[in-house]
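A structural walkthrough
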Amino acid sequence: MTSAAASWAPTAPLAARRLRATVYAEIRAFFAEREVLEVETPILSRAGNTDPAIESFVTQDAGGPWFLRTSPEFPMKRLLVADGIAVYELGRVFRRGEAGRWHNPEFTMLEWYRPGFDDAALLDETIALAHRVAAGPGMMVPSVTRLSCDELFEGALGLADGCDASTATLNDALRSRGWYDETLDRRNAFDLLLAFAVRERSAPDELLSLHGFPPELAALARIEGGRARRFEVYAGGQELANGYDELTDAGELAARFAAENERRRRARQRQLPRDEHLLAAQAVGLPASAGVALGVDRLLAWIGGSRSLADVINFPGGRA
Amino acid sequence: MASYNTNEFRSGLRLLLDGDPYVIVENEFVKPGKGQAFNRVRVRNLKTNRVIEKTFKSGESVEAADVFEQEMQYLYNDGEFWHFMVQDTFEQHAADATAVGDAAQWLKEEDVCTMRLWNGNPLSIDPPNFVELTITDTDPGVRGDTSGGGTKPATLETGAVVKVPLFVDQGEVIRVDTRTGEYVSRVKE
């Protein structure tokens, strides 16, 4: 890393800019071969992302607030309803309050949707993409471990049926390992324990995928057999991608938006206008499909063996 | 009481945790994505030097440890305490063996050290990076052999034992790097 002391200078070296250009070309070639269409959707939206775990940047004009997108998910789903074909977008997204070694308030997201795929098929494709771009700069094809959340908890923590564990059991597991002393609600206890378990289980050059999440962590994934049909991919212990077998039911979607805003209200977070365009489109009919979002900067850091996003983002955080 | 919000966390910051002073060695923002964000920090206990890991909810405030560093001249050891003085105020501090620790072997009267104080009490001592000490005991020197690569142990006036080149003699003054405990050079009187 060049790491010039001068604050005008990029934190990432030229090699990282070259790697980014190469990987973008590989990504576009990968999707062209598979006939997935590149699309563009708005960065500014009148509607917000109601997910309480994600905070939007907000700007303003005479017509009211504009929200900077936290992902291109909603307009991309409207394109799925309009055209019914596979699409991808490679673009910048924004999340307030996320800054650190592996977070930057603005980052590059690759998101794609596959009508007719289920979560398992899309996980295969996500791993194929990671292998394709990682193999380019002469890396070994990384091994992949596929686990359900229950299997991860069992293997890494010796905790059976982790998805169905009580709040007390999850908090006890955190406390007994010295990972967290205070008491968290079930959702956060599960989430934090999962993050630690992933770290226990992860090797630097390995891909790890998780599936079968507790239903309260479904976000916009379908729930089936008591588990959310979502998956996550980790590279060297860092979350890389997050995919859903998409919820298609418009009524259920409206209910989840409302539930998220209710959780926001209880946590004294801002209420966000739900996306009426998406609700209208889903009422027409979202095709059965799976979608995934992948953090491109983390992918580059992993391929390049970097220790921080500052090694791949030219002007992170305070230099932007 | 002063406190720090997790978004102010960075290495070097001093925190009070479970009643002990700690310094942040590494701070990592952790946000699994489905819920609450956390700061996972590696912290070193300033009393024991033990490094532990702690996780805080992002946005939480953590009490600051009132730790500061001050240059002081080492005066003398009375058998139980090591006595130091702030040179411009003549204010004196007595540090016990726990606070002085390994620094004891490098302390020569009148040398200027850095004392770390917590709530006004001595926490630890950093000796000067380089000290000049007299050799009180070593095997006889090999005259003229200034190029040989061999070394021998030498005991210094403070009790420290360092490896010195074969040509160095008892009674000579040598310069030692206290961070590595290594001989640097002879000092011409």
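1. Observations concerning the overall build of chain B
Along its length, chain B carries one helix and 16 strands. Relative to a compact globule of 189 residues, whose C-alpha radius of gyration would be 16 Å, chain B shows 22 Å and is clearly more extended. Seen through its principal axes, chain B has C-alpha atoms that stretch 70 × 40 × 25 Å. By the burial criterion, 27% of the 189 residues in chain B qualify as buried.

2. Points about the nonpolar core
Soluble, globular proteins show a tendency: their nonpolar side chains are buried together. One finds Val 133, Leu 192, Leu 193, Leu 294, Leu 299 and Leu 300 of chain A to be the most contacted residues of the largest nonpolar core, which totals 87 residues. Take this core: its biggest share by element is nine residues, from helix α6 (residues 186-201) of chain A. Apart from residues no more than four positions distant in its own chain, Leu 294 of chain A is found in contact with Met 109, Leu 110, Thr 126, Leu 240, Ala 241 and Leu 299 of chain A. The next biggest cluster of nonpolar side chains, apart from the first, holds 23 residues, and it includes Met 72, Cys 113, Met 115 and Val 176 of chain B.

3. Here we look at the packing of helix α2 (residues 73-83) of chain A against helix α8 (residues 276-285) of chain A
For any two helices packed against each other, the geometry comes down to the angle between their axes and how far apart the axes lie. Residues and elements named next belong to chain A. Relative to each other, α2 and α8 sit at 30 degrees, their axes nearing to 9 Å. Taken as axis vectors, α2 and α8 run roughly parallel relative to one another. The way α2 lies across α8 gives a crossing that is left-handed. Note on element contacts: α8 touches α2 through His 277, Leu 278, Ala 281, Val 284 and Gly 285, opposite Phe 74, Lys 77, Arg 78 and Val 81. When the residues that make up the contact of α2 with α8 are grouped by side-chain class, the tally is five nonpolar, two polar and two charged.

4. Observations regarding the confidence of the model for chain B
Residue and element names in this part refer to chain B. Looking at chain B as a whole, the pLDDT averages 92, with 95% of positions reaching at least 70. Across chain B, element-level confidence peaks in strand β8 (residues 82-85) with a mean pLDDT of 97 and bottoms out in helix α1 (residues 97-100) with 93. Overall fold confidence (pTM) sits at 0.83, and the ipTM for the predicted complex is 0.82.

5. Comments concerning the interface of chain A and chain B
Listed as interface residues are 17 residues of chain A and, on the opposing side, 11 residues of chain B. At the level of elements, α6 and β11 (238-245) of chain A are the ones that each hand at least two residues to the side of chain A that touches chain B. Broken down by element, the residue count for the side of chain A that touches chain B peaks at six residues, all from α6 of chain A. Grouping the constituent residues of the side of chain A that touches chain B by class yields eight nonpolar, four polar and five charged.

6. Brief notes about the environment of Thr 98 of chain B
All names here are of chain B. Summarising the element assignment, Thr 98 is placed in helix α1. According to the C-beta neighbour criterion, Thr 98 is exposed, with 11 such atoms within 10 Å. Along the backbone, Thr 98 and Lys 47 are 51 residues apart, and their C-alpha atoms lie at a distance of 8.2 Å.

Conventions used here
- Residues numbered from 1 in each chain as written.
- Chains lettered and ligands numbered in written order.
- Predicted model: local features only at pLDDT ≥ 70, side-chain atom pairs only at ≥ 80, totals over all residues.
- Helix = DSSP H or I, 4+ residues; strand = E, 2+ residues; numbered from the N terminus.
- Rg over C-alpha atoms; globule rule 2.2 N^0.38 Å.
- Buried ≥ 20, exposed ≤ 12 C-beta atoms within 10 Å, placed from the backbone.
- Core = buried A, V, L, I, M, F, W, Y, C linked by C-beta atoms within 7 Å.
- Contact = placed C-beta atoms within 7 Å.
- Axes fitted to C-alpha atoms, helices over the stretch in contact; angles between N-to-C directions.
- Parallel < 35°, antiparallel > 145°, perpendicular 65-115°, else oblique.
- Left-handed = near helix turned anticlockwise from the far one by under 90°.
- Nonpolar A, V, L, I, M, F, W, Y, C, P; charged D, E, K, R; others polar.
- pLDDT = per-residue confidence, 0-100.

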